[in-house]
Amino acid sequence: MCGIVGYVGTGSAKEMLLAGLSALEYRGYDSAGIALVRKGKLLVRKESGKLRALEAKVTGSDFDSRLGIGHTRWATHGAPTRENAHPHVSGDGRVAIVHNGIIENFMELKEELILEHGVAFASETDSEVIAHLVSLYYEGDLVEAVRRAAKRMRGAYAACVVAADDPGKIVAIRKDAPLIAGMCEEGGLLASDIPALLKYTRDIYLIENNEIVVITKQDVEIYDEERTRMNRARTHIDWDVAAAEKGGYEHFMLKEIYEQPKGVRETLAHRLDESGAIQLDDLGFTKEWADKLERIYIVACGTACHAGMVGKAMIEKYAKIPCETCLSSEFRYSDPIVNERTLCICISQSGETSDTLEALREAKRRGAEALSIVNVVGSSVARASDHVFYTWAGPEIAVASTKAYTTQLVSLYLIALYLGLLRGRATEAEAGALLAQLAEVPALIEDVLGREDSIRALARQHYKKEKIFYAGRGTDVATAEEASLKLKEISYINSYSIAAGELKHGTIALITRDVLFFALATQTKLYDKMLSNIEEMKARQAQVVAVAKASDARVAEVADDTFFIPDCSDEVAPIVAIVMFQLFAYHVAKFRGREIDQPRNLAKSVTVE
Ligand code: M6R
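Residues numbered from 1 in each chain as written. Predicted model: local features only at pLDDT ≥ 70, side-chain atom pairs only at ≥ 80, totals over all residues. Heavy atoms only, no water.

Looking now at the environment of I207. By the element assignment, I207 lies in the loop between strand 11 (203-206) and strand 12 (212-215). A relative accessible area of 0% places I207 in the buried class. Distance from I207 to A181, taken between C-alpha atoms, is 7.3 Å for residues 26 residues apart in sequence. Excluding anything up to four places from it in sequence, I207 contacts R174, L179, I180, A181, V213, I222, R232 and R383. (Helix = DSSP H or I, 4+ residues; strand = E, 2+ residues; numbered from the N terminus. Buried < 20%, exposed > 50% of the residue type's maximum accessible area, 1.4 Å probe, protein only. Contact = heavy atoms within 4.5 Å.)

Now the structure itself:
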């Protein structure tokens, strides 16, 4: 995802834009640029590579301006070159734009602009059409030109537009890509993400789909697509800049791994009342509605989907409702069986993942009630849902998701229990037992964190391996999937995850002496089966590291090595065991010298299909 910022006011636009872009650096980018309006002209500078390359090009009084837009680009259409970097400018050099998203019909627009209007394109990007369209429609009213251009565009976009002939304002539009605005003492601000504005204001306006926002140095004006002025209350952001900084840790990922006890505590604290009972009344679920529920779909991508796999088990166990966990990208095209007796639970850290947002819309179109589990307040998924359950992980910056995962798990456990109690399918005793176990989870995670040294030693021993397997049974399958994803995305090791019972149906052919095999054995009723799987792997000379509970006396006799997580119930074991694997992935990636917080080819939120 690209980062966008805009500023108009009394301060130095260049400084404000660079500060905003630097606050978005964590999201990864391969080029950056700014456009300033100065003395009736547009001044555009862009560079491939890091922000410092751009900073070096915008020194001196020539760049003294009070209005401008900026961008960090994550290449999609066209290589990460200076030509393809944003801002893009109209042929007459009077209009500049920055864009996050994809213009799906850019080919047909481009053809029309070239053939009918003689426009010459300077880049290979889809975004450049926006600059030319706005310029084509500009007749002295920038808002109207942007509005007309937006009507021609299909796809997802958040775009900021400036015109040299209209030097007092920035006009921005949004559809299916995040956009926020704010005011500070020095003027008006626009950005794709909250961290870019936090230095200047914590009270932000969330721009909705198809809205147009105009910022001037005095005001933020929001209009719908017919140009009717909208009233919008500001949303207060209660986390601060420090929460989005490394705080002494070498990487955001490590900091976020260590923030998990806090995230879990806060997620629980926000949903348990003084008597310890689950408080989800604000979701508005009634017994009558819950009794009629026939099916639950959990839809999510990547890590969030792995949380959904555990969520399915908990929902079926406690609420006794058939539940299916689907990848958002598959769900939306799968003709799912959804009606008004369906609950669709969407899980998303960012709340901006395009596939999940579209899956949610599809479920709603078919009549489902939509509940989202989201970390980013006011994000698109949250806003499109009927009910929102916020995780209290705090901002997650590293691309590899860690604290979002464990807080999503806790949220799903609470939802499962709540529905179970509402439907009379879970007993108070069962609820009390699970809540007591959840209350222990922060301390259990701290126990694992306290053994980082031994996890680092394990990583040192194995970081050169090229084939690493993770297998388990029951909810350990989800942990295996998530552990494997964590490792591959930041270390680039070829890693596989599998339900252990499936090994003999094909995958066992890959098991040789150079394989490192993690065997998860935390699920009591499947324990003996797992020990047999370990024997099978040993017989093929794989090196087996078992992950089991501390009081397990048998596993160490069969595995080559064992990592013990503290004793805990089978239910909460997924929340505890994953922490060991997060640290393992982190240290393997570090030994291999990888860019841990910004792995290659990945972005923190995937706002394109
Ligand atoms: O923001 P979301 O939770 O919707 O993101 C979904 C996935 O893109 C995300 O979990 C991804 O798999 C993580 N980077 C993995 O660590």
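There's plenty left to go through after this.
This next bit is on the site of the ligand. Near the ligand lie 14 residues; those nearest to it are S348, Q349, S350, T353 and E489. Within the contact set of the ligand, an oxygen atom lies 3.2 Å away from a backbone nitrogen or oxygen of T303. At 2.8 Å, a backbone N or O of S401 approaches an oxygen atom of the ligand. Isolated, the ligand exposes 410 Å² of accessible area, and the fraction of that covered by the protein chains is 90%. Where the shell around the ligand is concerned, the elements lending two or more residues are helix 9 (302-319) and helix 16 (476-491). Shared between two domains, the shell around the ligand holds at least three residues of each, these being domain 2 (246-449) and domain 3 (452-591). (Near = heavy atom within 4 Å. Polar contact = N/O pair within 3.5 Å; in protein donor to acceptor, adjacent residues only side chain to side chain. Areas by Shrake-Rupley, 256 points an atom, 1.4 Å probe, with all protein chains shown as cover. Domains from an automatic or database assignment.)

The next thing to look at is the nonpolar core. Nonpolar side chains in soluble globular proteins tend to end up buried together. By size, the foremost hydrophobic cluster in this structure holds 91 residues, and its most contacted members are I345, L438, F518 and F584. Take this core: its biggest share by element is 14 residues, from helix 19 (residues 573-591). Summarising the domain contributions, this core has at least three residues from each of domain 2 (246-449) and domain 3 (452-591). Setting aside anything within four residues of it in sequence, one finds F584 in contact with I455, L458, A459, H462, Y470, L487, L516 and F518. If you look at the next biggest cluster of nonpolar residues, it comprises 30 residues, including F106, V134, Y157 and V161. (Core = buried A, V, L, I, M, F, W, Y, C linked by side-chain atoms within 4.5 Å.)

Partitioning the protein chain into domains gives domain 1 (3-243), domain 2 (246-449) and domain 3 (452-591). The C-alpha centroid of domain 3 is placed 25 Å from the C-alpha centroid of domain 2. Counting from both sides, the interface comprises 34 residues of domain 2 and, opposite them, 28 residues of domain 3. Across the interface of domain 2 and domain 3, roughly 2600 Å² is buried in total on both sides, 72% from carbon and sulfur atoms. It is H306, L444 and V448 in domain 2 that bury the most area against domain 3; as a group they hold 21% of the surface buried on that side. If you look at where domain 2 meets domain 3, you find 2 salt bridges. Counting the contacts that link domain 2 with domain 3 gives 12 residue pairs in polar contact (both at pLDDT 80 or more). Taken together, the elements giving at least two residues each to the side of domain 2 that touches domain 3 come down to helix 6 (252-258), helix 9, helix 13 (403-422) and helix 14 (428-449). Looking at the side of domain 2 that touches domain 3 residue by residue, the class counts come to 22 nonpolar, 9 polar and 3 charged. (Buried area = accessible area lost by both parts, 1.4 Å probe. Salt bridge = Lys/Arg side-chain N within 4 Å of Asp/Glu carboxyl O. Nonpolar A, V, L, I, M, F, W, Y, C, P; charged D, E, K, R; others polar.)

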